[in-house]
Amino acid sequence: MEEKYERSKKLAMVFMVAIVALVAFVSSVSAAAPAPAPNYGDDITVDGVYSEWNLGADYFADMYRAGNPAKIVESKLYLRYDCSENVMYALVLEETPAEAELSADDAWIAIGLIQDKVVSGNSGNDGVPPDFSWVYNGEDLVDYEASFAIDEGTYNIIAHLNVYDDSESQTSRTNKDGLALVISCPEEPPQEEWMGCTPGYWKNHPEAWVGYSTDDTLREVFGLGDQFTTVLPDDTLIEALNYRGGSRVEGAAQILMRAATAALLNEDKFGDDYPPYTTEQELINAVMSALNSNNRATMIELAEALDYRNNGNCGSEEE
């Protein structure tokens, strides 16, 4: 009886192990990651300085001794793809205690097969991909950065270099068969468009004014009372478009009224096509609220928002 019990217990244990293994296998298959993609962005220059790299976001893969994932990591590969130029930037950095070796023939990146090298230590560096530069930290060589032209698509990438580790020269590379690389640039959100002309345009094109005259004063149009009468006396709208501003609160008032005058003319001419205010009075109320705050930061903030909108599509005429 006891023997039968022990046998049943062993069978149950075997069954449980099998179930655990099966669950792990199914989970690993279902959780299989898609082919890796590079980070996307620009602002990389192949110049031997890697401060512009983001070693977190740009990380792509480990590079192992002899390309064997079962062996130690000797270096790491970082990638960033410039979608506007169709250029891949690559950075390879040694992994302590490995030390990069200055061997141009052994520093390379291939797409497809080993013989299909797209950049190497012999590529030179003239600002036109492929480019290559050794990377130093002070006087210590720490590896290389490179660039090469490549279109969007699915590829096999192999990165390679030699390092000194365990008292001898070692090869460091992505696994022997390479790694899947999928380049698929993210779609850019549609650009918001609106109508709007700059203060300079309105200053130079008074004939384009619709519901206002160059002789109208700020006091009349905006309901300006005694605010900043030393810098905003009964100036006209055309004079306001010539304001230069200044560092004090009064200067901020001028900066605001320059932007606000152009904004009012835009609202008058373009209506709903000039955001964000729905009526001229709503715009005027916002301007007066900022002026009455007597706060420079508040005025500048509104002026900058209006200037942004004043740099919209001005139509067929140029400033």
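None of the values given here were measured: they were computed from a predicted structure.

**Things to note about the pairing of strand E8 (residues 131-137)**
Judged by how many residues are buried, E8 sits mostly within the fold: five of seven residues are covered. Of the strand pairs in this sheet, E8 and strand E9 (residues 140-149) are connected by seven bridges, and their pairing is antiparallel. If you follow tyrosine 136 over to E9, its bridge partner there is leucine 141. The turn linking E8 back onto E9 is made up of two residues, and glycine 138 within it adopts a positive phi angle of 70°.

**Observations regarding the nonpolar core**
Most often, soluble globular proteins keep nonpolar side chains buried together rather than apart. Residues Trp202, Phe222, Val287, Leu291 and Leu306 are the most contacted members of the largest nonpolar core, which totals 42 residues. Mapped by element, the contributors of at least two residues to this core are helix H2 (199-204), helix H3 (218-222), helix H4 (237-240), helix H5 (249-270), helix H6 (280-292) and helix H7 (296-310). For this core, the element with the highest residue contribution is H5, accounting for 11 residues. Not counting chain neighbours up to four residues away, the residues in contact with leucine 291 comprise Leu224, Phe228, Ala253, Leu256, Met257 and Met299.

**Quick notes on the pattern of salt bridges**
For the structure shown, the criterion picks out six salt bridges. Notably, a salt bridge pairs arginine 80 with aspartate 58, separated by 2.6 Å at the nearest N-O pair. Here arginine 80, found in strand E3 (residues 73-82), pairs with aspartate 58, found in the loop between strand E1 (39-40) and strand E2 (59-65); they are 22 residues apart in sequence, far enough to count as distant. On the basis of relative accessibility, which here comes to 9%, the residue arginine 80 falls in the buried class. Measuring nitrogen to oxygen at the nearest pair gives 2.4 Å for the salt bridge that ties arginine 219 to aspartate 234.

**Concerning the packing of aromatic side chains**
Taken as a whole and assessed by the stated rule, the structure comprises seven aromatic pairs. Aromatic side chains tyrosine 40 and tyrosine 81 sit 6.3 Å apart centroid to centroid with 85° between the ring planes, which places their arrangement in the edge-to-face category. Within this pair, whereas tyrosine 40 is found in strand E1, its partner tyrosine 81 is found in strand E3, the two being separated by 41 residues in sequence. The exposure class assigned to tyrosine 81 is buried, which follows from its relative accessible area of 0%. Through pairs of rings, three or more aromatic residues link up here, namely Phe132, Trp134 and Tyr144. Taking NZ or CZ as reference, arginine 80 lies 5.7 Å from the ring centre of tryptophan 53, over its face. Its guanidinium or amino end placed over the ring of tryptophan 108, lysine 117 lies 4.4 Å from that ring's centre, counting from NZ or CZ.

**Some words on the packing of H6 against H7**
The geometry of H6 relative to H7 is characterised by a closest axis approach of 8 Å and an angle of 150° between their N-to-C directions. Judged by the inter-axis angle, H6 sits roughly antiparallel to H7. In this structure, H6 crosses over H7, and the sense of that crossing is left-handed. Only Thr298, Met299, Leu302 and Leu306 of H7 make contact with H6, whose side of the interface consists of Leu283, Ala286, Val287, Ala290 and Leu291. Of the residues that constitute the contact of H6 with H7, the class distribution is eight nonpolar, one polar and no charged.

**Looking at unusual backbone geometry**
Omega for the bond connecting proline 129 with proline 130 falls within 30 degrees of zero, at 5°, which places this linkage in the cis form. Tracing the chain through its elements places proline 130 in the loop between strand E7 (117-120) and E8. One non-glycine residue with positive phi stands out, namely aspartate 43, at about 70°.

**Points about H7**
Spanning 15 residues, H7 covers 21 Å between terminal C-alpha atoms, matching the ideal 21 Å at 1.5 Å per step. Buried within H7 are the following residues: Met299, Ile300, Leu302, Ala303, Leu306, Arg309 and Asn310. Where H7 begins, the side chain of asparagine 295 points an oxygen toward the backbone nitrogen of alanine 297, at a separation of 3.0 Å.

**Some details on the confidence of the model for the protein**
Close reading of the predicted structure is inappropriate where its pLDDT is low. Per-residue pLDDT for the protein has a mean of 87; in total, 87% of the residues score no lower than 70. In this model, residues 14-33 is a region of pLDDT below 50 whose contacts with residues beyond four sequence positions or in other chains number zero contacts.

How each quantity is defined
Each chain carries its own residue numbering, running from 1 in the written order of its sequence. Thresholds applied to this predicted model are a pLDDT of at least 70 for local features of residues and 80 or more for the giving and counting of side-chain atom pairs; totals over whole chains, interfaces and linings are not thresholded and use all residues. Processing note: side-chain calculations cover all non-hydrogen atoms of the structure and skip hydrogens and water entirely. Burial here depends on accessible area, computed with a 1.4 Å probe over protein chains only, as a share of the maximum for the residue type. Under 20% is buried, over 50% is exposed, and the range in between is partly exposed. In this text, helices come from DSSP runs of H or I with a minimum length of four residues, and strands from runs of E with a minimum of two, each type numbered from the N-terminal end. Any two strands are treated as partners once DSSP identifies two or more bridges connecting them. We define a nonpolar core as any set of buried Ala, Val, Leu, Ile, Met, Phe, Trp, Tyr and Cys residues linked to one another through side-chain atoms lying within 4.5 Å. In this description, contact between two residues means that some pair of their heavy atoms is separated by no more than 4.5 Å. We define a salt bridge as a side-chain nitrogen of Lys or Arg found within 4 Å of a carboxyl oxygen belonging to Asp or Glu. What counts as a ring pair is set by centres within 6.5 Å for rings of Phe, Tyr and Trp (its six-membered ring), and what kind of pair is set by the plane angle: stacked under 30 degrees, edge-to-face over 60, tilted for all other angles. We call a charge positioned above a ring when the Lys NZ or Arg CZ atom is no farther than 6 Å from the ring centre and deviates by at most 35 degrees from the ring normal. All axes here are fitted lines through C-alpha atoms, helices being fitted over the stretch that makes contact, and every angle between N-to-C directions spans 0 to 180 degrees. In these notes the angle categories are as follows: under 35 degrees is roughly parallel, over 145 is roughly antiparallel, 65 to 115 is roughly perpendicular, and the rest is oblique. Here a crossing is called left-handed whenever its near helix is offset anticlockwise from the far helix by less than a right angle, and right-handed whenever the offset is clockwise. Side-chain classes follow a simple rule in which Ala, Val, Leu, Ile, Met, Phe, Trp, Tyr, Cys and Pro form the nonpolar group, Asp, Glu, Lys and Arg form the charged group, and the remainder, Gly included, forms the polar group. Helices are assigned an expected span. That span is 1.5 Å times one less than the residue count. Two N or O atoms count as a polar contact when they lie within 3.5 Å, although within protein this holds only if one can serve as hydrogen donor and the other as acceptor, and sequence-adjacent residues are included solely when both atoms are side-chain atoms. Each residue carries a pLDDT score, the predictor's own confidence in it, on a scale running from 0 to 100.

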